[in-house]
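Residue-level structure breakdown
Each chain, letter by letter, is given below.
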Amino acid sequence: KLNMASFDSVSRVDFQEIDNAIANALREITNRYDFKGSNTTLERSEKVITIVTDDDLKLSQVNDILISHFVRRKLDPLALGKKDKEKAGGDRIRQTISLVEGIEQDIAKKITSEIKSSKMKVQAKINGNELRIDGKKRDDLQSAMQLIEDLKVGIPVQFINFRD
């Protein structure tokens, strides 16, 4: 049996780092002059971040602050998935942001079909919400990683369990 090299392509989030980013973002909001007297909250429960604030302008600023703290903590802002906005009590706005974890079927299928049509000497198998990429040569696997990164699938993707 030929020795196969492989790696897993996954989309995972580090909740501890996300909580650190949220705490730092909150600290910045509390100290900012333009948020004085504003009743702005930012919290995470499971895979959802909830922002409640006064108006669209502040909501947009909170989103920018959150993204900047994600980036500082080496978290991919693409992990901040679908955003839903609604009215909250007392003229306020609530936004929920779902955190992306796992590679959804449609994205996984797009990646596997791109790999097939690229004629690379690797196989991609969907394994739950992750992908396993197998090939004979390390170079082929590295090309596959590059291809996946270049696809810009809209979610953060990491490569783990690299085996030669």
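In case you missed it, the structure is sitting above this.
Notes on the structure in this doc start here. (Residues numbered from 1 in each chain as written. Predicted model: local features only at pLDDT ≥ 70, side-chain atom pairs only at ≥ 80, totals over all residues. Heavy atoms only, no water.)

Here we take up the overall build of the protein chain. Each helix and strand in the protein chain was counted, giving four helices and eight strands. Across the protein chain, helices and strands are ordered from the amino to the carboxyl terminus as β-α-β-β-α-β-β-α-β-β-α-β. Its C-alpha radius of gyration of 20 Å places the protein chain more than 25% over the 15 Å reference for a compact globule of 164 residues. When the backbone C-alpha atoms are referred to their principal axes, the protein chain occupies close to 70 × 25 × 25 Å. Within the protein chain, the proportion of its 164 residues that are buried is 41%. (Helix = DSSP H or I, 4+ residues; strand = E, 2+ residues; numbered from the N terminus. Rg over C-alpha atoms; globule rule 2.2 N^0.38 Å. Buried < 20%, exposed > 50% of the residue type's maximum accessible area, 1.4 Å probe, protein only.)

The subject of this paragraph is helix 4 (residues 138-151). If you check helix 4, its first and last C-alpha atoms are 20 Å apart, about what 14 residues at 1.5 Å a residue would give, namely 20 Å. Check the buried side of helix 4 and you find it contacts strand 1 (5-10), helix 3 (105-117), strand 6 (122-127), strand 7 (130-135) and strand 8 (158-163). Two residues or fewer after helix 4 comes Lys-152, characterised by a positive phi angle close to 45°. (Expected span 1.5 Å × (residues − 1). Contact = heavy atoms within 4.5 Å.)

One finds Ile-18, Leu-42, Ile-49, Leu-66, Phe-70 and Leu-80 to be the most contacted residues of the largest nonpolar core, which totals 21 residues. At the level of elements, helix 1 (15-31), strand 3 (48-53), helix 2 (56-72) and strand 5 (92-99) are the ones that each hand at least two residues to this core. Once residues within four sequence positions are removed from consideration, Leu-42 is found in contact with Ile-22, Ala-25, Leu-26, Ile-29, Ile-49, Thr-50, Ile-51, Val-62 and Leu-66. Membership of the second largest hydrophobic core comes to 20 residues, among which are Phe-7, Ile-111, Val-122 and Leu-131. (Core = buried A, V, L, I, M, F, W, Y, C linked by side-chain atoms within 4.5 Å.)

Moving on, we get to the sheet that holds strand 3. Spatial ordering of the open sheet is given by 2-3-5-4, a layout of four strands whose pairing is antiparallel. Looking at the sheet topology across the chains shown, the edges are occupied by strand 2 (41-45) and strand 4 (80-88). Strand-to-strand, the axes of this sheet are offset by a mean angle of 20°, without reference to chain direction. Where strand 2 meets strand 3, five bridges bridge the pair, whose relative direction is antiparallel. Bridging from a neighbouring strand, Ser-45 pairs with Val-48 of strand 3. Across the sheet, helix 1 is in contact with strand 2, strand 3 and strand 5; its angle to strand 2 comes to roughly 170°. (Pairing = 2+ DSSP bridges. Axes fitted to C-alpha atoms, helices over the stretch in contact; angles between N-to-C directions.)

Our focus in this paragraph is the packing of helix 3 against helix 4. At a minimum axis separation of 10 Å, helix 3 and helix 4 run at an interaxial angle of 130°. Here helix 4 runs oblique to helix 3, going by the angle between their axes. For the element pair helix 3 and helix 4, the recorded crossing hand is right-handed. Across from Lys-110, Ile-111, Glu-114 and Ile-115 in helix 3, the residues of helix 4 making contact are Leu-147, Ile-148 and Leu-151. Partitioned by chemical class, the residues of the contact of helix 3 with helix 4 number five nonpolar, no polar and two charged. (Parallel < 35°, antiparallel > 145°, perpendicular 65-115°, else oblique. Left-handed = near helix turned anticlockwise from the far one by under 90°. Nonpolar A, V, L, I, M, F, W, Y, C, P; charged D, E, K, R; others polar.)

Fair warning: the whole summary comes from geometry, so function is off the table for now.
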